[in-house]
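Summary of structural features
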Amino acid sequence: MNKKILALLIIGLIFLVLQFIPSGIPENNPVAGQGIFEVAQVPGDVQAILEKACFDCHSQQVTFPWYSYVAPASWLVARDVNVGRANLDFGKWGELSKRKQLQLLDEINDEVSSGTMPMVIYTFMHSEAKLTQEERESIVNWAEQFAEQVLEN
């Protein structure tokens, strides 16, 4: 057998075996009445931006694309969603203390204004999630105003 064909068969077999290793992709488990849009008034334009650019890593409403079920990409997607939710989960906003909400709003402000979020690798695969400067400013302004509301209540 030709060495190239044998190498391709081995690579194919390895790829097939990888599919049986669990990816750890988390399930969507929304908590009724605790999502950011349920517990806070978020302007429609900001809601649309958050949904398109943030929710696939920072909510309980993740839309998993086809490649998120194919190893090794599935492992990366699972890691990103798990880490994203651990840092900020808009789906469980109502469960957070005021102090934690204020901390997260400050982090949202910093991450979005600096261009760190959404992550470049995410926007590479999801071009619709790229934020314009105007969208970034909308999120930052909302985060600042919402922080003031949290402080007042």
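The rules behind the values
Residues numbered from 1 in each chain as written. Predicted model: local features only at pLDDT ≥ 70, side-chain atom pairs only at ≥ 80, totals over all residues. Heavy atoms only, no water. Helix = DSSP H or I, 4+ residues; strand = E, 2+ residues; numbered from the N terminus. Rg over C-alpha atoms; globule rule 2.2 N^0.38 Å. Buried < 20%, exposed > 50% of the residue type's maximum accessible area, 1.4 Å probe, protein only. Contact = heavy atoms within 4.5 Å. Areas by Shrake-Rupley, 256 points an atom, 1.4 Å probe, with all protein chains shown as cover. Lys, Arg positive; Asp, Glu negative; His and termini not counted. Charge placed at Lys NZ, Arg CZ, Asp CG, Glu CD. Patch = residues over 30% accessible without salt bridge, like charges linked within 9 Å, V, L, I, M, F, W, Y side chains within 5 Å. Salt bridge = Lys/Arg side-chain N within 4 Å of Asp/Glu carboxyl O. Phe/Tyr/Trp six-rings, centres within 6.5 Å; stacked < 30°, edge-to-face > 60°. Polar contact = N/O pair within 3.5 Å; in protein donor to acceptor, adjacent residues only side chain to side chain. Core = buried A, V, L, I, M, F, W, Y, C linked by side-chain atoms within 4.5 Å.

1. Thoughts on the overall build of the protein
The number of helices and strands found in the protein is seven helices and zero strands. Start at the N end of the protein and walk to the C end: the helices and strands fall as α-α-α-α-α-α-α. For a compact globule of 153 residues, the expected C-alpha radius of gyration is about 15 Å, and the protein comes in at 19 Å, more than 25% above that figure. With the principal axes as the frame, the protein shows a C-alpha extent of 75 × 30 × 20 Å. Across the 153 residues in the protein, those meeting the buried criterion constitute 35%. Taking the intrachain contacts of the protein between residues at least 6 apart in sequence as the baseline, contacts between residues at least 24 apart amount to 73%. Approximately 9,700 Å² of the protein is accessible, and the part contributed by carbon and sulfur atoms is 59%. In the protein, which carries 11 positive and 19 negative side-chain charges, the distance between the mean positions of the two groups comes to 13 Å.

2. Overview of a nonpolar patch on the surface
On the surface, L13, L16, V17 and F20 cluster together into a nonpolar patch covering about 450 Å² of accessible area. Mapped onto the secondary structure, V17 falls in helix α1 (residues 3–18). Of the residues examined, V17 reaches a relative accessible area of 48% and is grouped as partly exposed.

3. So, the packing of aromatic side chains
Within this structure, the stated rule accounts for seven aromatic pairs. With a centroid separation of 6.1 Å and an interplanar angle of 25 degrees, the aromatic rings of F90 and W93 are classed as stacked. Note on F90: relative accessible area 2%, which makes it buried. According to the relative accessible area criterion, W93 is buried, its value standing at 1%. Ring centres of W142 and F146 lie 5.5 Å apart, and the angle between their planes is 20 degrees; this geometry places the pair in the stacked category. Of this pair, W142 and F146 both sit in helix α7 (residues 133–152), four residues apart, which is roughly one turn of that helix. For W142, a relative accessible area of 4% gives the class buried. Members of the aromatic cluster, connected to one another through ring pairs, are F37, F55, F90, W93, W142 and F146.

4. Description of the side chain of D56
Structurally, D56 is set in the loop between α3 (44–53) and α4 (73–87). Within the buried set, D56 has no salt-bridge partner at all; the shortest N-O distance to an opposite charge, 8.4 Å, is to R85. A distance of 2.9 Å separates a polar atom in the side chain of D56 from the backbone nitrogen of T63. Those residues in contact with D56, other than ones at most four positions away along the chain, are Q61, V62, T63, V81 and Y122.

5. Considering the nonpolar core
Grouped burial of nonpolar side chains is what soluble globular proteins tend to show. Counting 26 residues, the largest nonpolar core has I36, L50, F90, L105 and W142 as its most contacted members. Those elements that place two or more of their residues in this core are α3, α5 (98–114) and α7. Here this core gets seven residues from one element, more than from any other, and that element is α7. Setting aside its immediate chain neighbours within four residues, L50 contacts F37, V42, F55, F90, I139 and W142. Of all hydrophobic cores here, the second largest spans five residues; its members include V62, F64, Y67 and V77.

Everything listed is a geometric property; what it means functionally is a separate question.
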